[in-house]
Amino acid sequence: ASLFCGTPISLITLLDGEHHRSILNKAPNMTFILKKDPFYQYVLHEPDKVSVISDTSCDKRTKFHPFVKRRPYIRLYAGVPLVTTNGNIWGILCVMDHRPRQFLPNQQRALQILAKKVMMVLIVHKKFLLLERTIRLSKKRIKALTENLPVGMFLLRMDAEEGCSFEFVNKQFLGMHQLIQAHPPEKILKMVHPGDIGDLKASLRKSCTTISQWSLKYRVTINGGLRWFHLGAKPEKSDNGRINLYG
């Protein structure tokens with residue numbers, strides 16, 4: 001805005017309770033400005049146009065303002081509200097100068113165009129935040145769902161260079177495979193009964209090669225005894241060549 005309007009000071013502020021919070025600031029010491037500030041009240045009362053004060057030191061509404069009497073010694077002020085399509089005002093885009101002067105029609109038009117561009121960015125940002133919140137809620141709900149299922153669930157990542165690792169396991173799966181927390185999958189495979197390890201590796205290799213459903217019953221040696229497990233998983237090949245097994 002400063003570049004287009006030829007001013008040393010520019011601000012984008014958003015309404016935040018009783019304050020305007022600066023989010024893009026080319027003005028020192030102007031981070032928070034009261035909602036009832038004369039400059040902003042002037043703009044908010046004329047939402048359909050650019051509000052201009054050519055010399056703030058001569059205008060009765062602003063001549064005693066601290067930003068006029070002291071640093072940054074504002075003289076020219078021009079502001080336009082940031083308005084949504086349904087008429088809600090989110091904030092203000094404004095420019096200021098240290099010397100009194102006219103704010104030309106082409107500069108006013110440039111400020112209005114910039115305000116519309118700012119609103120486009122803010123709306124996209126709001127949608128992104130809402131989407132991010134929805135994703136967080138979805139992840140929380142999925143976690144709650146998986147933790148309350150009566151079966152074990154896991155995500156096993158297989159990589160030719162990095163080996164394999166569990167990216168996700170629910171508490172039921174951990175309960176059945178206590179050693180997962182302390183050992184990588186390669187070490188756990190060594191605990192599979194020697195009579196089952198060949199079938200396990202062959203079936204898992206075939207599933208990952210053909211990207212087909214994997215299902216196998218096998219025995220694991222735990223604390224000197226044998227336990228039967230039945231695992232099933234659906235492989236999926238990612239763009240980087242890794243295989244993810246969802247089971």
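Residues numbered from 1 in each chain as written. Predicted model: local features only at pLDDT ≥ 70, side-chain atom pairs only at ≥ 80, totals over all residues. Heavy atoms only, no water.

**Looking at the pairing of strand 10 (residues 225–237)**
The sheet contact formed by strand 9 (residues 214–222) and strand 10 spans 9 bridges and is antiparallel. Opposite Tyr-218, over in strand 10, you have Phe-229 as the bridge partner. Remark: 2 residues form the turn of the hairpin made by strand 9 and strand 10, two consecutive strands paired antiparallel; Asn-223 in that turn has positive phi of roughly 50°. Bridging between strand 10 and strand 11 (residues 243–246) involves 4 bridges; their strand directions are antiparallel. Looking at strand 11, one finds that Pro-235 is bridged to Leu-245. The turn joining strand 10 and strand 11, which pair antiparallel and follow one another in sequence, is formed by 5 residues; a positive phi near 90° is taken by Gly-241. (Pairing = 2+ DSSP bridges. Helix = DSSP H or I, 4+ residues; strand = E, 2+ residues; numbered from the N terminus.)

**Observations concerning unusual backbone geometry**
With omega at 10°, the peptide bond leading from Arg-71 into Pro-72 counts as cis. Relative to the assigned elements, Pro-72 resides in the loop between helix 3 (66–69) and strand 5 (76–83). Backbone geometry at Tyr-73 places phi at a positive 55°, although glycine is not the residue there. Tracing the backbone through its elements, the reader meets Tyr-73 in the loop between helix 3 and strand 5. By relative accessible area, which is 39% here, Tyr-73 ends up partly exposed. Although it is not a glycine, Ile-211 adopts a positive phi angle of roughly 50°. Relative to the assigned elements, Ile-211 resides in the loop between helix 7 (194–210) and strand 9. (Buried < 20%, exposed > 50% of the residue type's maximum accessible area, 1.4 Å probe, protein only.)

Everything listed is a geometric property; what it means functionally is a separate question.
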